[in-house]
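Chain and residue survey
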Amino acid sequence: MSKKNIKIRARLKNGVTNVKTLISHPMETGLRKDKKSGRTIPAHFIQEVNCLHNGELKLSTELGISVSRNPYLQFELEGGAKGDTLELTWRDNWGKTDTATAQIK
Amino acid sequence: MTPNTKRRDFLKVALIMGLAGSTFATGLFAPRYVLAGWNRKAFESKHVNDALKNGFGSLDIVMSDNINIEAPDIAANGAIVPVSVVAKLSAVEAIALLSEKNPRPLGAIFHPRAGIRPKMSVRIKMGQSGDVIAIVKSEGKLYMARRSIKVTAGGCA
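For the structure given in this document, a descriptive report is provided here. (Residues numbered from 1 in each chain as written. Chains lettered and ligands numbered in written order. Predicted model: local features only at pLDDT ≥ 70, side-chain atom pairs only at ≥ 80, totals over all residues. Heavy atoms only, no water.)

Before going further, it helps to examine the overall build of chain A. On a plain count of helices and strands, chain A comes out with 0 helices and 7 strands. In chain A, the succession of α and β elements from N to C terminus is β-β-β-β-β-β-β. In chain A, which comprises 105 residues, the proportion classed as buried is 51%. The long-range fraction of contacts in chain A, counting pairs at least 24 apart against all pairs at least 6 apart in sequence, stands at 55%. Carbon and sulfur atoms make up 46% of the accessible area of chain A, which totals about 5400 Å². (Helix = DSSP H or I, 4+ residues; strand = E, 2+ residues; numbered from the N terminus. Buried < 20%, exposed > 50% of the residue type's maximum accessible area, 1.4 Å probe, protein only. Contact = heavy atoms within 4.5 Å. Areas by Shrake-Rupley, 256 points an atom, 1.4 Å probe, with all protein chains shown as cover.)

Before going further, it helps to examine the sheet that holds strand β4 (residues 81-87) of chain B. What the 6 strands build is an open sheet, ordered β1(A)-β2(A)-β5(A)-β7(B)-β4(B)-β2(B); its pairing is antiparallel. Each of the sheet's edge strands pairs with one partner strand only, and the pair in question is β1 (6-13) of chain A together with β2 (67-70) of chain B. Ignoring strand direction, the axes of neighbouring strands in this sheet form an average angle of 15°. Looking at chain direction, β1 of chain A and strand β2 (residues 16-23) of chain A are connected through 8 bridges and run antiparallel. Bridged to Leu12 of chain A within β2 of chain A is Thr17 of chain A. (Pairing = 2+ DSSP bridges. Axes fitted to C-alpha atoms, helices over the stretch in contact; angles between N-to-C directions.)

Let's shift gears to a positive patch on the surface. All names here are of chain A. Taken together, the side chains of Lys4, Lys7, Arg9, Arg11, Lys20 and Lys105 make up a positively charged region of the molecular surface. No other element matches the 3 residues that β1 contributes to the positive patch. Inspection of the secondary structure puts Lys20 in strand β2. (Patch = residues over 30% accessible without salt bridge, like charges linked within 9 Å, V, L, I, M, F, W, Y side chains within 5 Å. Salt bridge = Lys/Arg side-chain N within 4 Å of Asp/Glu carboxyl O. Lys, Arg positive; Asp, Glu negative; His and termini not counted. Charge placed at Lys NZ, Arg CZ, Asp CG, Glu CD.)

Another point: the packing of aromatic side chains. All chains considered together, the criterion is met by 2 aromatic pairs over all chains. Relative to Trp38 of chain B, the ring of Phe45 of chain A has its centre 5.6 Å away and its plane inclined at 55°; by these criteria the two rings are tilted. With Phe45 of chain A in the loop between β2 and β3 (46-53) and Trp38 of chain B in the loop between α1 (2-28) and α2 (40-43), this residue pair bridges two chains. Pair check on accessibility: Phe45 of chain A and Trp38 of chain B agree, each one buried. Measuring from centroid to centroid gives 5.2 Å for Trp38 of chain B and Phe43 of chain B, while their planes differ by 10°, and the two rings are stacked. Grouped by ring-pair contacts, the aromatic residues Phe45 of chain A together with Trp38 and Phe43 of chain B constitute a single cluster. (Phe/Tyr/Trp six-rings, centres within 6.5 Å; stacked < 30°, edge-to-face > 60°.)

So this is what it looks like as structure tokens:
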């Protein structure tokens, strides 16, 4: 996984870290039909996203097909410091996973 | 220059083996924490009430002014509707976001741990105009807020 499929931006301001994450993923619902062949396009979407702060699980998220393509998540973390590590992992309904890390700035 | 090329080959093999080894190792130790798991029943529910029953085990939900849904009143593109849920409630265990008219209404469930503020933003799809519903579980109780969003171009085509 050398491609940058996960973007994480974490900025500390007044003791609160604002975390913005963007994952490249089709989030295919499984309800759409291919216009040419008429066949249903198989569902392919992220089901779980987890975020760790310095190795400790802080946020676990379950996603469904109603989430937009290339899921964007934003949340706020208290008690972070500059240079701390944030790690994001996702898993989709095909069992594929990816992980990325970033430092709080 | 034969010995040198051999050495190079050896190094290459060693590098590949090393890489493969480390991939294996991370694979073996990947589940470093227990995941909440994906609530299939709730996410596959076709109606809001079923999704809530399957997701939270109860329909005993109180409307609350302490939950604010930030979203545009009119979404030009139903494929990307930015929605934020902000809860002024303590000990929030879960925040869920649903789009009432979608074929599978439940969009996301967040499980914040200590240190995460009860404020989540995500982008959702909306097939047509309708209500977005936020559910917040605080101190074991369920609270709800709604907001109507008008969609000018549906996002599920």
